[in-house]
Amino acid sequence: MLDRLFVYGTLMRGFDNPMARLLSVEAECLGPATMPGRLYRIRHYPGLVAAAVPADIVFGEVFRMRRPRELLAQLDDYEGCGPGDAEPAEYRRDIASVTLANGAAIEVFVYIYNWEVADLPRIVSGRFRPDSAG
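Residues numbered from 1 in each chain as written. Predicted model: local features only at pLDDT ≥ 70, side-chain atom pairs only at ≥ 80, totals over all residues. Heavy atoms only, no water.

*Asks:* What exactly am I supposed to notice about helix α1 (residues 18-26) here?
*Replies:* Among all positions of α1, only Met 19, Ala 20, Leu 22, Leu 23 and Glu 26 are buried. Buried positions in α1, seen along its axis, are confined to an arc of 160° and lie on one side of it. Of the exposed residues in α1, the ones pointing more than 90 degrees away from its buried face are Pro 18 and Val 25. Taken together, the buried residues of α1 touch β1 (4-7), β2 (27-36), β5 (57-65) and α2 (68-79). (Buried < 20%, exposed > 50% of the residue type's maximum accessible area, 1.4 Å probe, protein only. Helix = DSSP H or I, 4+ residues; strand = E, 2+ residues; numbered from the N terminus. Arc of directions from axis to C-beta. Contact = heavy atoms within 4.5 Å.)

As structure tokens, this is what we get:
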């Protein structure tokens, strides 16, 4: 099973919430990475959608999960895409290619925003901060 996860929002290091703390204990941060995409402010957290143009880049971090099956089940519940969640879920877990800081491309799991973004503010910088507004 794939054991790497790309995070771009409240699961990144430096965010103080139960799931970010869980990830920091159950996974090793491999460092910064980027992937094609656009970020939108959903509420106090972001959502990543497919890139509209090649210049659309999202910045985040890659973690290597020690027990991916167990950790992903917890993260799926947190992201609202677990087996008991209503469809269409707010997020879906996909596999994508990201680029590490050293230029290497690797496959990772990533949570993709699954609802309409037309009326949401875009985070143009591609970097999420709690005060990101565009």
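*Asks:* Could you clarify how one ought to interpret α2 in this entry?
*Replies:* Note on helix geometry: an α-helix contains 3.6 residues per turn, so any two residues three or four positions apart are oriented the same way. In this model, α2 (twelve residues) spans 15 Å end to end at C-alpha, consistent with the 16 Å of a helix rising 1.5 Å per residue. In the core, the buried residues of α2 are packed alongside β1, α1, β2, β5, β6 (91-100) and β7 (105-113). Note on α2: the residue one or two positions beyond its end, Gly 80, has a positive phi of about 80°. (Expected span 1.5 Å × (residues − 1).)

*Asks:* Just to check I follow, could you spell out the sheet that holds β6 for this structure?
*Replies:* To summarise the sheet geometry, strands pair through backbone hydrogen bonds and adopt either a parallel or an antiparallel arrangement. The mixed closed barrel is built from five strands, whose spatial order is β1-β5-β2-β6-β7. With direction set aside, neighbouring strand axes in the sheet form an average angle of 45°. In this structure, β6 lies alongside β7, joined through nine bridges in antiparallel fashion. Each bridged residue has a counterpart across the sheet, and for Asp 94 the counterpart in β7 is Val 110. Each of β1, β2, β5, β6 and β7 touches α2; the most contacted strand, β7, lies at about 30° to it. (Pairing = 2+ DSSP bridges. Axes fitted to C-alpha atoms, helices over the stretch in contact; angles between N-to-C directions.)

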